[in-house]
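Structure assessment
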Amino acid sequence: MDLLVLSFTIFILALFVGVELINKVPPTLHTPLMSGTNAISGIVIVGAIFSAGSSEVSPTLAHALGFIAVTLASINIVAGFLVTDRMLNMFKRKG
Amino acid sequence: MFALINLSYLTAAVCFILGIKGMTKPATAVRGNQLAATGMLVAVVAALMHQQIVGYETIIAGMLLGGGIGVWLARRTAMTAMPELVASLNGIGGGASLAVASSTWLNTSAAGTVPGTAWSIAIIASIAIGAITLTGSTVAVLKLRGNLGDSRRARQWQGVTLLCLLGVVAAAAVFVSSALECPLILPVLVGLCLLLGIGLVQPIGGADMPVVVALLNAYSGLAGAATGFVLQNQGLIITGSLVGASGLILTAVMCKAMNRSLPNVLFGGALGGNDAT
């Protein structure tokens, strides 16, 4: 139960950090920022790694879902960061 | 070792914070993105070092497959199709959360452990948000590409959505109280949540899709945070809530830039209000 309270504390504090981070973003950066934060949300790959490679009792279905999760999260991360970089580089050349 | 792994998660989270901060200014945006990518690498390596991980074959196969598809998608997509790509990546991330939550639950129920209420609620949140992000983003992509027209039956969709919502609440109650006795509850819950995602986005007009995508982006972050509660992983919680909160603020900023209010975007179609636009 203590760990849950601790986790909840971290959750709320991180929410505030997230709110404070975004202020006065120029409209041209909206799409790259969205794409960048989307790539960061691929952090769920950490959970996917646990599902795919855990040593605990695992039925085949759970293992297969773990594989799917790792694949999907990798697509999200790799494509997300590459595409954000592409978009931002385009702005640089223009400006 | 355990402390080292947790410190690595902290390092990753700091990289993400500085990265997002950098991405809000044109001059530092490219470096911010690279910093965030570095943070992701640190987090992945830290997760791989965990003692619990024994089989690397599946993980490496999934990473190679996903990474390959990712590179291909990022290179191939035309610059004009970026909003669609971001929306579909968003849906893919939601799908990943959904898969992780389902897999974890199957693991636990196979092991025969009786889960606590807080844990069950975290699983439900992870499944629901992940599924809504998955199907909601799919609808958004179809609308952005023009494959799916605006619905003239917003009211019917509203009814469907309301029914789904009630169904999800009922299924969630069963899930918390007696999930282990009826394993069928998992597919039922997943199915209802998937339908709910379609019902929530379908009545919204195509022109408002960028805002919807930004909101779904925030959802996928929150789904990650919920997964963090399931796995009791602080790194996931920090990063997920960070993305969730910044996504919500970004949504509000975009709404303001388009001169619209968020409730109007979300429920304008369903309520039949034509006062806007």
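About the cut-offs
Residues numbered from 1 in each chain as written. Chains lettered and ligands numbered in written order. Predicted model: local features only at pLDDT ≥ 70, side-chain atom pairs only at ≥ 80, totals over all residues. Heavy atoms only, no water. Helix = DSSP H or I, 4+ residues; strand = E, 2+ residues; numbered from the N terminus. Buried < 20%, exposed > 50% of the residue type's maximum accessible area, 1.4 Å probe, protein only. Contact = heavy atoms within 4.5 Å. Areas by Shrake-Rupley, 256 points an atom, 1.4 Å probe, with all protein chains shown as cover. Lys, Arg positive; Asp, Glu negative; His and termini not counted. Charge placed at Lys NZ, Arg CZ, Asp CG, Glu CD. Buried area = accessible area lost by both parts, 1.4 Å probe. Salt bridge = Lys/Arg side-chain N within 4 Å of Asp/Glu carboxyl O. Polar contact = N/O pair within 3.5 Å; in protein donor to acceptor, adjacent residues only side chain to side chain. UniProt positions renumbered as here; feature names shortened; annotations may be inferred. Phe/Tyr/Trp six-rings, centres within 6.5 Å; stacked < 30°, edge-to-face > 60°. Lys NZ or Arg CZ within 6 Å of the ring centre and 35° of its normal.

**Describing the overall build of chain A**
Each helix and strand counted, chain A has four helices and zero strands in total. Sequence-ordered secondary structure for chain A, helices as α and strands as β, is α-α-α-α. Taken along its principal axes, the extent of the C-alpha atoms in chain A is 55 × 30 × 15 Å. In chain A, buried positions account for 53% of the 95 residues. Considering only residue pairs separated by 6 or more positions, chain A has 69% of its internal contacts joining residues 24 or more positions apart. Accessible surface for chain A amounts to roughly 4,200 Å². Of this, 71% is attributable to carbon and sulfur atoms. Here chain A contributes 5 positively and 4 negatively charged side chains, and the mean placements of these two sets differ by 29 Å.

**Structural notes on the overall build of chain B**
Helix and strand counts for chain B stand at 10 helices and zero strands. Seen in sequence order, chain B has helices and strands lined up from the N terminus as α-α-α-α-α-α-α-α-α-α. A principal-axis box enclosing the C-alpha atoms of chain B has dimensions of 60 × 55 × 30 Å. Put simply, chain B has 277 residues, and 52% of those count as buried. Within chain B, contacts between residues at least 6 apart in sequence are counted, and of these 73% link residues at least 24 apart. Of the roughly 11,900 Å² that chain B leaves accessible, carbon and sulfur atoms contribute 69%. Treating the 12 positive side-chain charges of chain B as one cloud and the 6 negative ones as another, the clouds have centres 11 Å apart.

**Points about the interface of chain A and chain B**
Interfaces are often described in size by the accessible area the parts lose on coming together. In this complex, chain A contributes 74 residues to the contact, which on the side of chain B involves 90 residues. At the boundary of chain A with chain B, total buried surface from both sides reaches about 7,300 Å², with 79% on carbon and sulfur atoms. Contact with chain B buries area across many residues of chain A, yet Leu21, Met34 and Phe50 of chain A alone supply 10% of it, more than any other trio. At the junction of chain A and chain B, the tally comes to zero salt bridges. Linking chain A with chain B are 10 residue pairs in polar contact (both at pLDDT 80 or more), by the criterion used here. Elements with a contribution of two residues or more to the side of chain A that touches chain B: α1 (2-21), α2 (30-40), α3 (45-53) and α4 (60-94) of chain A.

**A short note on the UniProt feature "transmembrane region" (unreviewed entry) in chain A**
According to UniProt, the feature "transmembrane region" (unreviewed entry) maps to residues 6-23, 35-55 and 61-84 of chain A in the numbering used here. With 100% helix and 0% strand, residues 61-84 of chain A has end C-alpha atoms that lie 34 Å from one another.

**Here we look at the packing of aromatic side chains**
Here the structure, examined in full by the defined rule, presents three aromatic pairs over all chains. Ring geometry for Phe8 of chain A versus Phe11 of chain A: centroids 6.0 Å apart, planes at 35°, classification tilted. Here Phe8 of chain A pairs with Phe11 of chain A, and both are found in helix α1, just three residues apart, close to one helical turn. The exposure class of Phe11 of chain A is buried, given its relative accessible area of 16%. Here Phe8 of chain A and Phe229 of chain B contribute two aromatic rings whose centre-to-centre distance is 6.5 Å and whose plane-to-plane angle is 50°, an arrangement assigned as tilted. Of this pair, Phe8 of chain A sits in helix α1 while Phe229 of chain B sits in helix α8 (residues 209-231), each in a different chain. Take Phe8 of chain A: its relative accessible area is 46%, and that puts it in the partly exposed class. Between the NZ or CZ atom of Arg76 of chain B and the centre of the ring of Trp72 of chain B, over which it lies, the distance is 4.7 Å.

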